[in-house]
Amino acid sequence: LEVARMSRSERFYIKAAEWALERADYDQALTAYRNAALLAPKDSVIRMAYVYALSMSGNGVEALTEMRAVLEADPDAPKGWYLLAWLLRDSNVPEDQVEAQSAIRKAVATDGSAQTRNLAAAMAMRAGEYEEAANYYLKLLEESPSVAYYHYWFGMASLANSECDGLPALREASRLKRSWGEAHVVLARGEAICGSSESSGRRARALLKGKNDRDVRLTLALADLSQNRKESAQEMATAELPHADAVMILKSIRRNDLPARPFSAGSNWYLPPELNLAESQPVAR
């Protein structure tokens, strides 16, 4: 910061801010970005870097205010709509969710990078727009067929949309990353509701040997239901009440059918990790 003050160049302030971010010194990063913005007030990229630092330091409201101001001044700011959507992605306010969806669609229209489309897909999942999400993930996995993550989420989006077309993708995700337990859980549930009951049962029992938790036990209950083992399914589901998936399975038993989706409505299983503030980061300068 001392060097930057002597140089009076925004480049030095930016470098000082980047170093501060690397060591998680958000106060210094904010100070440096503020000074850089004062020297280059029309540089939207610097201002967005400042927005990023604000968000990482826990000043979410100020970050949103600044980001909206940036886009008002420069609607074509590179990655601007993406960053606005990222800031709003985990808000529970309905108006924020609408604004976030609008922002990410503008980002896709002007950017179209894999990172932007991946966030768009995640936000479509949260909004319950499963067909839209599946289309995003399908294009992503077509471009990157070796990425298990895209196979998994295309499969998940398809199943959430009551479509079984995603089963091959889930099988590929499980093959590419054999230790990915969640992928095997989703695949077992997908097989149960899509007519591959024997494979579902074998997979669920194998999972239970490795990890005897609620999600796996309910997966086995669903597999048993798909094989018409209603008494076993009912016993296991009843033991997990009041879990929403247990309620879903018991309702299906009473209706004498299978659930339309692998998890109950509103399940966190439908929310990709990009929507979790602790596990994702936006693009920084």
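Residues numbered from 1 in each chain as written. Predicted model: local features only at pLDDT ≥ 70, side-chain atom pairs only at ≥ 80, totals over all residues. Heavy atoms only, no water.

Colleague: Explain the nonpolar core to me, please; I cannot follow it from the model alone.
Modeller: Burial of nonpolar side chains together is a common tendency in soluble globular proteins. Counting residues in hydrophobic clusters, the biggest one holds 90 residues, and the most contacted among them are Met67, Met125, Tyr137, Tyr152, Met156 and Ile249. For this core, the leading source of residues is helix α10 (residues 148–160), giving 9 residues. Residues in contact with Met156, not counting those within four places in the same chain, are Met125, Leu170, Val186, Phe263, Trp269 and Tyr270. (Core = buried A, V, L, I, M, F, W, Y, C linked by side-chain atoms within 4.5 Å. Buried < 20%, exposed > 50% of the residue type's maximum accessible area, 1.4 Å probe, protein only. Helix = DSSP H or I, 4+ residues; strand = E, 2+ residues; numbered from the N terminus. Contact = heavy atoms within 4.5 Å.)

Colleague: Can you help me understand the environment of Ala192 in this one?
Modeller: Its place among the elements puts Ala192 in helix α12 (residues 181–193). Taking the C-alpha atoms as reference, Ala192 lies 14 Å from Asp165; in sequence the two are 27 residues apart.

Colleague: Before we go on, may I ask you to explain the packing of aromatic side chains in this structure?
Modeller: For the structure on display, the rule yields 8 aromatic pairs. Taking the centre distance of 5.8 Å and the plane angle of 45 degrees together, the rings of Tyr130 and Tyr270 count as tilted. Of this pair, Tyr130 sits in helix α9 (residues 130–143) while Tyr270 sits in the segment after α16 (244–255), placing them 140 residues apart in sequence. Each member of the pair, Tyr130 as well as Tyr270, is classed as buried. Between Tyr152 and Trp153, the aromatic rings sit 5.0 Å apart at their centres with planes inclined by 85 degrees, giving edge-to-face as the arrangement. Among the residues examined, Tyr152 registers a relative accessible area of 4% and is labelled buried. The rings of Tyr137, Tyr149, Tyr150, Tyr152, Trp153 and Trp180 are connected pair by pair, giving a single aromatic cluster. The side chain of Lys79 reaches across the aromatic face of Tyr82, ending 5.0 Å from its centre. (Phe/Tyr/Trp six-rings, centres within 6.5 Å; stacked < 30°, edge-to-face > 60°. Lys NZ or Arg CZ within 6 Å of the ring centre and 35° of its normal.)

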